[in-house]
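Chain residues, written in single-letter form:
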Amino acid sequence: MTAHIAQTETQPGADPAPAPRVDSEVGPLRTVLLHRPGAELKRLTPRNNDQLLFDGVPWVDRAQEEHDAFAEVLRGRGAEVLLLADLLVDALHDDRARIAGIHSAVDERRLGLDLADALRSHLTSIGPEPLATALMTGMTFEELPAAEGASLVRKMHHPHDFAVAPLPNLLFTRDSSVWVGDRVAITSLALPARDRETALTDLIYAYHPRFHKTGRAYGAHSAPVEGGDVLLLAPGVLAIGVGERTTPAGAESFARSALADGLAHTVLAVPITQERATMHLDTVCTMVDRDAVVMYPAVRDNLDAFPVRSDGAGGVVVGDRLPFLDAAAEAMGIERLRVIDTGLDPVTAEREQWDDGNNTLAVGPGLVVAYERNVETNARLEDAGVEVLRISGSELGSGRGGPRCMSCPIDRAALV
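Residues numbered from 1 in each chain as written. Predicted model: local features only at pLDDT ≥ 70, side-chain atom pairs only at ≥ 80, totals over all residues. Heavy atoms only, no water.

### Describing the overall build of the chain
- Secondary structure assignment for the chain yields 14 helices and 20 strands.
- Looking at the chain as a whole, 58% of its 416 residues are labelled buried.
- A sequence separation of at least 24 residues applies to 72% of the contacts in the chain between residues at least 6 apart. (Helix = DSSP H or I, 4+ residues; strand = E, 2+ residues; numbered from the N terminus. Buried < 20%, exposed > 50% of the residue type's maximum accessible area, 1.4 Å probe, protein only. Contact = heavy atoms within 4.5 Å.)

### Quick look at the nonpolar core
- In this structure, Leu123, Tyr205 and Phe254 are the most contacted members of the largest nonpolar core, which totals 64 residues.
- Looking at this core, the element that brings in the most residues is helix H3 (residues 84-91), giving 6 residues.
- Here Tyr205 is in contact with Leu33, Ser177, Trp179, Val184, Ile186, Phe211, Arg216, Cys408 and Ile410, once residues within four sequence places are set aside. (Core = buried A, V, L, I, M, F, W, Y, C linked by side-chain atoms within 4.5 Å.)

### Overview of the pattern of salt bridges
- In total, this model carries 21 salt bridges according to the counting rule given.
- With its nearest N and O atoms 2.9 Å apart, the salt bridge here joins Arg256 to Glu252. Taken together, the positions of Arg256 and Glu252, both in helix H10 (residues 248-260) and 4 residues apart, correspond to about one turn of that helix.
- Taking the relative accessible area as the measure of exposure, Glu252 reaches 40% and is therefore partly exposed.
- The closest approach of N and O atoms between Asp289 and Arg338, which form a salt bridge, is 3.5 Å. With Asp289 in strand E11 (residues 285-289) and Arg338 in strand E16 (residues 338-341), this pair connects stretches of sequence that are 49 residues apart. (Salt bridge = Lys/Arg side-chain N within 4 Å of Asp/Glu carboxyl O.)

### Things to note about the packing of aromatic side chains
- If you walk through the whole model with that rule in mind, you get 3 aromatic pairs.
- Summarising the aromatic geometry, the rings of Trp179 and Phe211 are spaced 6.3 Å apart at their centres and angled 50 degrees between planes, so their arrangement reads as tilted. Taken together, the residues Trp179 in strand E5 (residues 177-180) and Phe211 in the loop between helix H9 (197-207) and strand E7 (215-217) connect sequence positions 32 residues apart. With respect to burial, Trp179 and Phe211 carry one shared label: buried.
- Clustering of aromatic rings is evident, with ring pairs tying together Trp179, Tyr205 and Phe211. (Phe/Tyr/Trp six-rings, centres within 6.5 Å; stacked < 30°, edge-to-face > 60°.)

### Observations concerning the pairing of E11
- Extensive coverage of E11 is indicated by the burial of 5 of its 5 residues.
- Direction of pairing for E11 relative to strand E12 (residues 292-295): antiparallel, over a ladder of 4 bridges. In the strand pairing of E12, Thr286 is matched with Val294.
- Following E11, the chain reverses through 2 residues before pairing antiparallel with E12. (Pairing = 2+ DSSP bridges.)

### Thoughts on the environment of Leu231
- Within the element layout of this structure, Leu231 appears in strand E8 (residues 230-234).
- Between the alpha carbons of Leu231 and Met287 there is a distance of 8.1 Å; along the sequence they are 56 residues apart.
- Apart from the residues lying within four places of it in its own chain, the contact partners of Leu231 are Glu25, Val237, Leu238, Ala239, Leu281, Asp282, Cys285 and Arg404.

### Points about the sheet that holds E7
- Spatially, 3 strands are ordered E5-E6-E7 in an open sheet, and the strand pairing comes out mixed. With partners counted over all chains shown, the strands left at the sheet margins are E5 and E7, one partner each. Mean inter-strand twist for the sheet, computed between neighbouring axes without regard to direction, equals 40 degrees.
- In this structure, E5 lies alongside strand E6 (residues 183-186), joined through 4 bridges in antiparallel fashion. Bridge pairing links Val178 to Ala185 in E6. (Axes fitted to C-alpha atoms, helices over the stretch in contact; angles between N-to-C directions.)

### Here's the deal with the environment of Gly314
- Tracing the chain through its elements places Gly314 in the loop between strand E13 (304-310) and strand E14 (316-318).
- A relative accessible area of 76% means that Gly314 is categorised as exposed.
- For the pair Gly314 and Arg256, spaced 58 residues apart in sequence, the C-alpha to C-alpha distance is 8.8 Å.

### Brief notes about the environment of Gly333
- In this structure, Gly333 sits in the loop between helix H12 (324-332) and E16.
- Assessed through its relative accessible area of 64%, Gly333 is described here as exposed.
- Taking C-alpha positions, Gly333 is 9.3 Å from Ala234, a pair spaced 99 residues apart along the chain.

### Quick word on the UniProt feature "active site" (unreviewed entry) in the chain
- Look at the UniProt record and you will see "active site" (unreviewed entry) annotated at Cys405.
- Mapped onto the elements, Cys405 comes out in the loop between strand E19 (387-391) and strand E20 (408-412).
- Excluding its chain neighbours within four sequence positions, the residues that come into contact with Cys405 are Leu171, Phe172, Thr173, Arg174, Asp282 and Asn359. (UniProt positions renumbered as here; feature names shortened; annotations may be inferred.)

### What about the pairing of strand E9 (residues 237-242)?
- A large share of E9 lies buried, amounting to 6 of its 6 residues.
- Burial along E9 is two-sided: Val237, Ala239 and Gly241 and Leu238, Ile240 and Val242, pointing in opposite directions, are all buried.
- Two elements, E8 and E9, share 4 bridges in a ladder whose sense is antiparallel. From the neighbouring strand, Leu231 faces E9, where its bridge partner is Ala239.
- Note that the unit made of E9, H10 and strand E10 (residues 266-271) has a crossover that is right-handed. (Right-handed = clockwise from strand over helix to strand, strands pointing away.)

### Examining the packing of H3 against H9
- Orientation of H3 relative to H9, taken along the N-to-C sense of each, is 60 degrees, at an axis distance of 9 Å. Between H3 and H9, the crossing angle belongs to the class labelled oblique. The chirality of how H3 crosses H9 is left-handed. Mapping the contact onto sequence places Leu84, Leu87, Leu88 and Ala91 in H3 and Leu200, Leu203, Ile204 and Tyr207 in H9. (Parallel < 35°, antiparallel > 145°, perpendicular 65-115°, else oblique. Left-handed = near helix turned anticlockwise from the far one by under 90°.)

### A few points about the sheet that holds E19
- In space, the 3 strands of this open sheet follow the order E17-E18-E19, with mixed pairing throughout. The open sheet has two edge strands with one neighbour each: strand E17 (361-364) and E19. Between one strand axis and the next, the sheet turns by 30 degrees as a mean value, whatever way the strands run.
- Relative to E19, strand E18 (residues 367-371) is paired through 5 bridges, and the arrangement is parallel.

Here's what the structure looks like:
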């Protein structure tokens, strides 16, 4: 495990860092949260990869090499890179974080009272680093502590079945938390395979010293909202995709919270097709400059939005359905939003959309990180004046996520 970044930057008793803030998708990136793929990916097999939301079984060593290169590209452009595993270990030095992490991992209904008690006792007895590993990587029944008595649950499960499920999708740090202004929103993930990710993210923001002054946005977790569906188009303007992972109720709840807290003046709820290829809004559209997006051309003419604004009395006003590009430009206060299409023809566009050609991470205005394999899309970006920092993603992409999916910006400089 790498050195604990947060511990090396401050003296005891000092404020850990200036208050982070994110007001746009393209402000110069100062601090970003990543998760280096680890042993949790080695839990993937042809038998379980679909259930765990991966399209294949990745070559983990290569995935780590690709991720390390991604992190170095960001550092090379001046961004501080925080690693989730390091922050989790640091947070788990707090007993309250340990209790919360263990509570999220032990499913009493599935394990039964006796085995659940034994597992809790074991996890309570180990240090922060092995506990963090267990929470991220999971445990099989074979890896549980030796039984002190008879257990039907243990006997009736295969030794390689998961008593604590692994979390291979931790790689996609974008989904479980979103910064809006100076607050962080802990999201509510839609699928069972990702339930516990937000529990770990939540305890990091709650108990890591670096974030002890951080305010929370979006307090309701009853309806699904995922960070890949939330775009900060401009200061005060949010777009929230509504589709496979974020429900209308989740989008409305998030919008009401952001408007009530003064974090936004306009929220655009954007319906997207409910299918694997377009699981999030950022799989079809991401900001690449202060007035430009890269977009899958198949949705350009039929992507709509419902503007949601405050009524000034604690409620909201939901506007009529409008073309997304028009609604976005109006809310952003610009004449039009420039669109850079993915690919040169329908077949290339479909292939490169599937390979996360639209899922770019802006490091600054007109400067993005993208997968190198999306040759045509990258060429179109550069023709439009956007600098592209290319990274390899042959193994990282097996979970259907690009550079934006794999990053949660924590601090961006303001646009001037």
